[in-house]
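The chain contents come next:
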Amino acid sequence: MSGTREAKLSLAHKVPPPTGAYRWVYLWEWPIRIMHWLAVAGILTLVVTGLYIGRPYFMTGGEASSHFLMGRVRFAHFTAAAVLVMTGIVRGYWLFMGNRYERLRALFPLRRRDWVNLVRMVKFYLMIRPERAPHYLGHNPLQQLSYTALYAITGVMVLSGFALYGQSDPGGFIYSATNWIGPLLGGMPNVRFVHHALTWAFLIFVPIHVYLAIRADHLERTGVISSIVSGGRFVPVDHHFVDE
Amino acid sequence: MSLPSLEAWAAEETLGQRLQSKGVSRREFLEFCGKLGIVLGLGSAAGPRLAQALQALKRPSVIWIQLQECTGCVESVLRSAEPTIGNLLLEMVSLDYSHTLMAAAGHHAEAALQQAMKANQGKYILVVTGSVPLADGGIYTTIGGRTAKAVLEEAAEGAAAIVAVGACAHWGSVQAARPNPTGAVGVAEVIKDKPVINVTGCPPIGDVVTATLAHFLTFGALPATDSDGRPLFAYGKRIHDQCPRRAHFDAGQYVEVFDDENARKGWCLYHVGCKGPATFSPCPIFQWNGGTSWPIGAGHPCIGCTERNFWDTMTPFYDRLPDVGGFGVERTVDILGAALAIGAAAGVTAHAVATGIHQVRERRKLPVLPPDAGKE
Ligand code: SF4
């Protein structure tokens, strides 16, 4: 199939089978990859245990002394939270130490060009003129917005979570560091509400994220999914990318 | 034991002498001081020190004003079938003004208030129950023709310490719940130039009120407080962390509906809306009515009455999450969240199918090329 091989994603064009004319670009350095998968484990654990803590959907029988179900679930929740916070700290550090695809700048669509491309990306997903979609090596503007929003939601989750957790030890460090949050939201029950409601943001994000990754991998055939394992993807040598 | 005494003290009489003349034995008094030390978190060893300080007191004056409230707090402080710290302490102070308890009424009562304030200027402890309505010039509570705000400001002027008793005096309580038609606020929002300690609750436990007073009488200072002005000796821990049903919470054993088998077994009330995990109060330890029982002990979930704004934030009382916005959001949010999550899953499936269809269609639109056109 002839025609231009520019930075265009097209639903119509069959991507040629891999030939020698491919190159490998390194995008995600090892800290990012490891943090991604740790965050996956953390978030999955947090959602499952969090839903149980919010509304214990099964119970134990017999003597209380022979069970510790909620205790263990809470322990798992707090451990997973600690892991997630750790990934957040490393990610934060890597905003300054990482490569151009990982840096602070890469979180926001700042330039005019990015906003134009944002609209094109939306059209691509809505299958309106998909062939005009911009092609990014790193995250496209739509990804930037949604991932940055997820970071923000995670931040709110972490803060509200610590505010709730800190109540068990008033006078402790966590309590004193987070006791402004309750009054800010008008009381701890509201903090609990926010923490509970935002859980759904993750349950909505995850299927969409996984689907779009699979879809991109399928359409582009450049090993997008593999890039979060190996760190890079194969792209045709003659493709030009917006963010290269 | 008699009710709090409104009899005047002789001018130079000390508390020790007075108790003796009223027939309180030294043993009883020491026992009381030991208990007080424990309540205040000082240990029973502090008893002798407390006894010494209290004994030497001369006519400690307490003025108790009641604003926009229901008198429940006074009832709570007075409740007791036997001598307790509560009425022993009230016996010890000269309760110079309390319109629920005093015999005088009307102008005589108001005159007594004026006289007590003048006589003890700068020395009396001011206890306040009830909120201060500020809307429409404060007309929603007037005493003797004056607004609650004016009464409070005047009384606070000469007070050595101010103890706000009850949720109303703390932040306004039920009358301050949305939409707060009378503009009710707590004492600390009106009196800004003096420390106000909040012995909160709806009502608070009587022993906490009297122990706070005793602390001031003994040490000349109010006890240490948390960030919301509540004395730490009483409000330093969550109910959830002192609760006798906590083992059931940790084990995963919950009452699902009132009166089910689990309720009979005394399991945790988390599922039926217990607010113990967000409520700082000494209820499980001090208990109520002379240690008879307390809400969770009696099988009712905690409603969080010692926390600011609890009528708005802790409701519905029998559900886990607050009713933000007032139309049952707490249940709606789970339904909505689940719907969106399922919608997202369904959406991506539909999108995947659409992508496939689109792809096939677009490909069909391509010009038919000779068989070897694709090869280069
Ligand atoms: S009854 Fe309430 S305070 Fe007690 S353990 Fe259960 S949730 Fe906590």
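Before reading on, note that the structure itself is shown above.
What counts, and at which threshold
Residues numbered from 1 in each chain as written. Chains lettered and ligands numbered in written order. Predicted model: local features only at pLDDT ≥ 70, side-chain atom pairs only at ≥ 80, totals over all residues. Heavy atoms only, no water. Helix = DSSP H or I, 4+ residues; strand = E, 2+ residues; numbered from the N terminus. Contact = heavy atoms within 4.5 Å. Areas by Shrake-Rupley, 256 points an atom, 1.4 Å probe, with all protein chains shown as cover. Lys, Arg positive; Asp, Glu negative; His and termini not counted. Charge placed at Lys NZ, Arg CZ, Asp CG, Glu CD. Axes fitted to C-alpha atoms, helices over the stretch in contact; angles between N-to-C directions. Left-handed = near helix turned anticlockwise from the far one by under 90°. Nonpolar A, V, L, I, M, F, W, Y, C, P; charged D, E, K, R; others polar. Near = heavy atom within 4 Å. Buried < 20%, exposed > 50% of the residue type's maximum accessible area, 1.4 Å probe, protein only.

*Asks:* When you look at the overall build of chain A in this model, what are you seeing that I'm missing?
*Replies:* Of regular secondary structure, chain A possesses eight helices and two strands. Secondary structure elements of chain A occur, N-terminal to C-terminal, as β-α-α-α-α-α-α-α-α-β. Once the C-alpha set of chain A is aligned to its principal axes, its extents read approximately 75 × 40 × 35 Å. For chain A, long-range pairs separated by at least 24 residues make up 69% of all intrachain contacts whose partners lie at least 6 apart in sequence. When the accessible surface of chain A is split by element, carbon and sulfur atoms take 71% of a total near 12600 Å². Each charge class in chain A can be summarised by its mean position, and for the 23 positive and 12 negative side chains these summaries are 5 Å apart.

*Asks:* Sorry, what's going on with the packing of helix 2 (residues 26-39) of chain B against helix 3 (residues 47-55) of chain B here?
*Replies:* To characterise two packed helices, one gives the angle between the axes of the helices and the distance between these axes. All names here are of chain B. It is at 8 Å that the axes of helix 2 and helix 3 come closest, and there the two elements cross at 115°. The two elements helix 2 and helix 3 meet at a crossing, and its hand is right-handed. Of helix 3, the residues touching helix 2 (which contributes R26, F29, L30, F32, C33, G34, L36 and G37) are G47, L50, A51, L54 and Q55. Residue classes in the contact of helix 2 with helix 3 are distributed as eight nonpolar, four polar and one charged.

*Asks:* Before we go on, may I ask you to explain the site of the ligand in this structure?
*Replies:* Looking at the ligand, there are 13 residues lining it, with H240, C243, C268, L269 and C274 of chain B nearest. Classifying every residue of the shell around the ligand by side-chain character gives nine nonpolar, two polar and two charged.

*Asks:* Help me understand the environment of V348 of chain B, please; the structure alone is not making it clear to me.
*Replies:* Of note, V348 of chain B is situated in helix 16 (residues 329-365). Look at V348 of chain B and you get buried, because its relative accessible area is 13%.

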